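Summary of the model geometry
So you can see what is in the structure, the chains are spelled out below.
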Amino acid sequence: DTAVSQTPKYLVTQMGNDKSIKCEQNLGHDTMYWYKQDSKKFLKIMFSYNNKELIINETVPNRFSPKSPDKAHLNLHINSLELGDSAVYFCASSQGQGTNEKLFFGSGTQLSVL
Amino acid sequence: EDQVTQSPEALRLQEGESSSLNCSYTVSGLRGLFWYRQDPGKGPEFLFTLYSAGEEKEKERLKATLTKKESFLHITAPKPEDSATYLCAVQAGYYALNFGKGTSLLVTP
């Protein structure tokens, strides 16, 4: 029973398209995150939600819009995809706000923009 | 700005050959230093959290230590299944983790 699951695993698309990545956690955690891992394996925070409210919004283009319908789900929608968006996107969750220890990560979505 | 630097970038060890990975950091008000393991095609998996200088934590063949400027992940008598990328991250205040670029470890039989 997967704790943090994200879909799809692979996403190949053309420049200019709009795409979404879905994430769900069954751990009962209050906080969820989106991280981006670039080709150099550098893992960087994008967004964080606590109980459906946005608490961290790093310098990310407006084309990226997170949506949290409930505290178990955090989806990432990307408009007008660009070549530089190609990366692996990880969803994660943790128990409380500001207590980032024991982040539980999903297995990642590899996005390739052609 | 918080900085996390890991070295070496890559490390190749023979099975049984002990070594250490380094994570040096500059952060205002360290709330915690974290070690994660990442296998190819998977998300990072939590290993340890260290909170203050002098603290040590162990798990099987791994031991993490912390000083005011750096952390070490000591690997004793590694096995091939220890091959992975090891990520260090720091947290300052109520902010998300700031990760280093990782050390890619390969343990050969």
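What comes next is a walk through the structure.

The rules we used
Residues numbered from 1 in each chain as written. Chains lettered and ligands numbered in written order. Predicted model: local features only at pLDDT ≥ 70, side-chain atom pairs only at ≥ 80, totals over all residues. Heavy atoms only, no water. Core = buried A, V, L, I, M, F, W, Y, C linked by side-chain atoms within 4.5 Å. Buried < 20%, exposed > 50% of the residue type's maximum accessible area, 1.4 Å probe, protein only. Helix = DSSP H or I, 4+ residues; strand = E, 2+ residues; numbered from the N terminus. Contact = heavy atoms within 4.5 Å. Polar contact = N/O pair within 3.5 Å; in protein donor to acceptor, adjacent residues only side chain to side chain. Phe/Tyr/Trp six-rings, centres within 6.5 Å; stacked < 30°, edge-to-face > 60°. Lys NZ or Arg CZ within 6 Å of the ring centre and 35° of its normal.

In this structure, Leu33(B), Trp35(B), Leu73(B) and Tyr86(B) are the most contacted members of the largest nonpolar core, which totals 24 residues. Every element with two or more residues in this core is listed here: strand 2 (10-14), strand 3 (19-26), strand 4 (30-38), strand 5 (45-50), strand 7 (62-66), strand 8 (70-75), strand 9 (84-92) and strand 11 (103-108) of chain B. A per-element tally of this core places strand 9 of chain B first, with five residues. Core analysis: the second largest hydrophobic core is formed by 20 residues, Val4(A), Leu11(A), Trp34(A) and Val113(A) among them.

This part takes up the environment of Asp30(A). Residues and elements named next belong to chain A. As for its position among the elements, Asp30 is in the loop between strand 3 (19-25) and strand 4 (31-37). We classify Asp30 as partly exposed; its relative accessible area is 24%. Between the C-alpha atoms of Asp30 and Val88, which are 58 residues apart in sequence, the distance is 23 Å. Leaving out residues up to four positions away in the same chain, Asp30 has contacts with Tyr49, Asn50, Asn51, Lys71, Ser94 and Gln95. Side-chain polar atoms of Asp30 contact the side chain of Lys71, separated by 2.8 Å.

The next subject is the packing of aromatic side chains. Counted under the stated rule, the structure contains nine aromatic pairs over all chains. Aromatic side chains Phe105(A) and Phe99(B) sit 6.3 Å apart centroid to centroid with 70° between the ring planes, which places their arrangement in the edge-to-face category. Of this pair, Phe105(A) sits in strand 10 (residues 104-105) while Phe99(B) sits in strand 10 (residues 98-99), placing the two residues on different chains. For Phe105(A), a relative accessible area of 12% gives the class buried. Accessibility expressed as a relative area gives 1% for Phe99(B), which makes it buried. Where Tyr36(B) meets Phe99(B), the ring centres are 5.8 Å apart and the plane angle is 55°; that geometry is what we call tilted. A residue pair is termed long-range when its members are at least 10 positions apart, and Tyr36(B) in strand 4 and Phe99(B) in strand 10 qualify at 63 residues. These aromatic residues form a ring-pair network of at least three members: Tyr33(A), Tyr35(A), Phe90(A), Phe105(A), Tyr36(B), Phe46(B) and Phe99(B). Residue placement shows Lys101(B) over the ring face of Phe42(A); its charged tip is 5.6 Å from the ring centre.

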